[in-house]
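This is what each chain is made of:
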Amino acid sequence: MPTSSASTTDSARPAASGGVQSLERAFDLLERMADAGGEVGLSELSASSGLPLPTIHRLMRTLVACGYVRQQPNRRYALGPRLIRLGESASRLLGTWARPHLARLVEETGETANMALLDGDEIVYVAQVPSKHSMRMFTEVGRRVLPHSTGVGKALLASFPPEEVRALLARTGMPAATEKTITTPDGFLAALEEVRRQGYAIDDNEQEIGVRCLAVSVPDSPTAAAISISGPAGRVTEAATATIVPVLRQVAAELSETLLASGHGGPAA
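None of these values were measured; they are calculated from a predicted model.

S.K.: Is there a simple way to think about the pattern of salt bridges in this case?
M.R.: For side chains bearing opposite charge, pairing can occur when the charged atoms are close. Under the defined criterion, the tally for this structure stands at 17 salt bridges. Taking the shortest distance from any N to any O, the salt bridge between E39 and R76 comes out at 3.3 Å. In this pair, E39 sits in strand β1 (residues 39-40) while R76 sits in the loop between β2 (69-71) and β3 (77-79), placing the two residues 37 residues apart along the sequence. On the basis of relative accessibility, which here comes to 26%, the residue R76 falls in the partly exposed class. Where E206 meets K154, a salt bridge forms, and the shortest distance between an N and an O atom there is 2.7 Å. Residue E206 is found in the loop between β7 (201-204) and β8 (211-217), and its partner K154 is found in helix α5 (residues 151-157); the two are separated by 52 residues along the sequence. The exposure class assigned to E206 is buried, which follows from its relative accessible area of 6%. You can call K154 buried: its relative accessible area is 4%. Via salt bridges that share partners, K180, D204, R212 and E238 belong to a single interconnected network.

Below you can see the structure in the form of structure tokens.
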């Protein structure tokens, strides 16, 4: 195989990290499209990525041919349907890797444990291990909810700049699930400041009356993720919070290690 710079094309040149530069660029463009809401124009991609238009056009043409991107009638580009299958498979694997950690949470706290991701503007639950109590919380895996009324939503959005949070809330609205749901952007931003201050998030009867949830983000996760425990407000008390939160943090750190290891050949043993 040619090795001289004169005979190596841009698309085959190894990147600094040891990968193939065109692959890294293609995935970067897909990520930028997702960040922009799933549909962008070439000039927007060029401005955000710093790549020249001919390079972006060539990469997008390849992604369109593979079905990962499609060109709209208005000549803008949108994420394609083939990504759905990849995302669904990845979510199932993520749940598989998370489940042993969630099971440990259940053993140590006695409450139902969940893992959730931020998918677009919504929270999607990707894994759950139920409590062994006869009275326990249950959230269907795959369920989607708005982030403003959930502990995992607060944990995930706490690291976002305020202007991005306001833009998300403007898109989703802030409907009240209960009388305790936060329904104003200023109120929600104040709640996020409290999450950053104390290092964990609380859903205090905000999604469902009688239910309290405690949540933390998974540090350094390849995709923004959070884990939580949920249970009756009579069990998930202030006193219980002091015991549960350190366990949540420890399990989140261990789950992070598992997810990072999975990117290099599979979960850690």
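S.K.: How should unusual backbone geometry be read in this particular structure?
M.R.: Trans is the prevailing form of peptide bonds, just as negative phi is the prevailing case for residues other than glycine. Phi is positive for N205, close to 65 degrees, though the residue is something other than glycine. Here N205 lies in the loop between β7 and β8. If you check the backbone angles, D220 has positive phi at about 60 degrees while not being a glycine. Exposure remark for D220: the relative accessible area of 62% places this residue in the exposed category.

S.K.: What is the right way to look at a negative patch on the surface in this model?
M.R.: A cluster of like negative charges, contributed by E31, D35, E163 and E164, occupies part of the molecular surface. Looking at the element boundaries, E164 is found in helix α6 (residues 162-172). By relative accessible area, which is 42% here, E164 ends up partly exposed.

S.K.: Whenever I open this one, the confidence of the model for the chain confuses me. Can you help?
M.R.: Reading predicted coordinates in detail is not appropriate for stretches of low pLDDT. Of all residues in the chain, 87% have pLDDT values of 70 or greater, and the mean over the chain is 85. No element of the chain has a lower mean pLDDT than helix α4 (residues 82-109), at 81, and none a higher one than helix α7 (residues 185-198), at 97. Confidence drops under a pLDDT of 50 for residues 1-19, and excluding neighbours within four residues, the segment shows 20 contacts in the predicted structure. Contacts of residues 264-269 to residues separated by more than four positions or lying in other chains number 6 contacts, the stretch itself having pLDDT below 50.

S.K.: Before we go on, may I ask you to explain the sheet that holds β1 in this structure?
M.R.: Read from one edge of the open sheet, 3 strands run β1-β3-β2, paired in antiparallel fashion. Strands at the two margins of the open sheet, each flanked by one partner only, are β1 and β2. Here helix α3 (residues 53-66) sits on the sheet in contact with β2 and β3, set at roughly 105 degrees to β2.

S.K.: I would appreciate a short explanation of α7 in the present structure.
M.R.: Since the α-helix turns once every 3.6 residues, residues separated by three or four places project in the same direction. Here α7 spans 20 Å end to end across 14 residues, near enough to the 20 Å set by a 1.5 Å rise per residue. Along α7, the positions that sit buried rather than exposed are F188, L189, A191, L192, V195 and Q198. Directly after α7, the chain includes G199, whose backbone phi takes a positive value near 85 degrees.

S.K.: Help me out: how do you make sense of the sheet that holds strand β6 (residues 144-145) in this one?
M.R.: Hydrogen bonds along the backbone pair up the strands of a sheet, which may run parallel or antiparallel. Reading across from one edge, β6-β5-β4-β9-β8-β7 is the order of the 6 strands in this open sheet, with antiparallel pairing throughout. A single partner strand is all that each edge strand has here, and the edge strands are β6 and β7.

S.K.: I'm lost on the packing of α6 against α7 in this one. Help?
M.R.: Two numbers describe a pair of packed helices, the interaxial angle and the distance between the axes. Running from N to C, α6 and α7 cross one another at 135 degrees; their axes reach a closest spacing of 10 Å. Our classification of the angle between α6 and α7 gives oblique. Relative to α7, α6 is oriented so that their crossing is right-handed. Of the residues in α7, those touching α6 at P162, V165, R166 and L169 are P185, D186, F188, L189 and L192. Class assignment for the residues of the contact of α6 with α7 results in 7 nonpolar, no polar and 2 charged.

Parameters and conventions
Every chain begins its residue count from 1, and numbering advances along the sequence as written. Where local features are concerned, this predicted model is filtered to residues with pLDDT of at least 70; where side-chain atom pairs are given and counted, the filter is 80 or more; whole-chain, interface and lining totals use all residues. Each side-chain value is worked out from all heavy atoms of the structure, with water and hydrogens disregarded. By definition here, a salt bridge exists when the distance from a side-chain nitrogen of Lys or Arg to a carboxyl oxygen of Asp or Glu is within 4 Å. The way it works is that DSSP assigns letters per residue, a run of H or I at least four long becomes a helix, a run of E at least two long becomes a strand, and they are numbered from the N terminus. The classification of residues rests on relative accessible area computed with a 1.4 Å probe and restricted to protein chains. Under 20% of the type maximum is buried, over 50% is exposed, and intermediate values are partly exposed. Excluding any residue in a salt bridge, patches collect residues exceeding 30% relative accessible area, merging like charges within 9 Å and nonpolar Val, Leu, Ile, Met, Phe, Trp and Tyr side chains within 5 Å. For every accessible area listed, the method is Shrake-Rupley and the probe measures 1.4 Å; residues are considered covered only by the protein chains on display. A positive count includes Lys and Arg, and a negative count includes Asp and Glu. His and the chain ends are not counted in either. To locate a charge, take NZ of a lysine, CZ of an arginine, CG of an aspartate or CD of a glutamate. Each residue gets a pLDDT score, which is the predictor's confidence in that residue and runs from 0 to 100. Two residues qualify as a contact provided that any one of their heavy atoms is within 4.5 Å of a heavy atom in the partner residue. Pairing between strands requires that DSSP locate at least two bridges from one strand to the other. Note on definitions: angles span 0 to 180 degrees between N-to-C directions of axes, and those axes are lines fitted to C-alpha atoms, for helices only across the stretch in contact. In this analysis, the expected span of each helix is defined as 1.5 Å times one less than the number of residues it contains. Note on angle classes: values under 35 degrees are labelled roughly parallel, values over 145 roughly antiparallel, values of 65 to 115 roughly perpendicular, and the remainder oblique. By definition, turning the near helix anticlockwise from the far helix through less than a right angle yields a left-handed crossing, and turning it clockwise yields a right-handed one. Amino acids outside the nonpolar list (Ala, Val, Leu, Ile, Met, Phe, Trp, Tyr, Cys, Pro) and the charged list (Asp, Glu, Lys, Arg) are all regarded as polar, and Gly is one of them.

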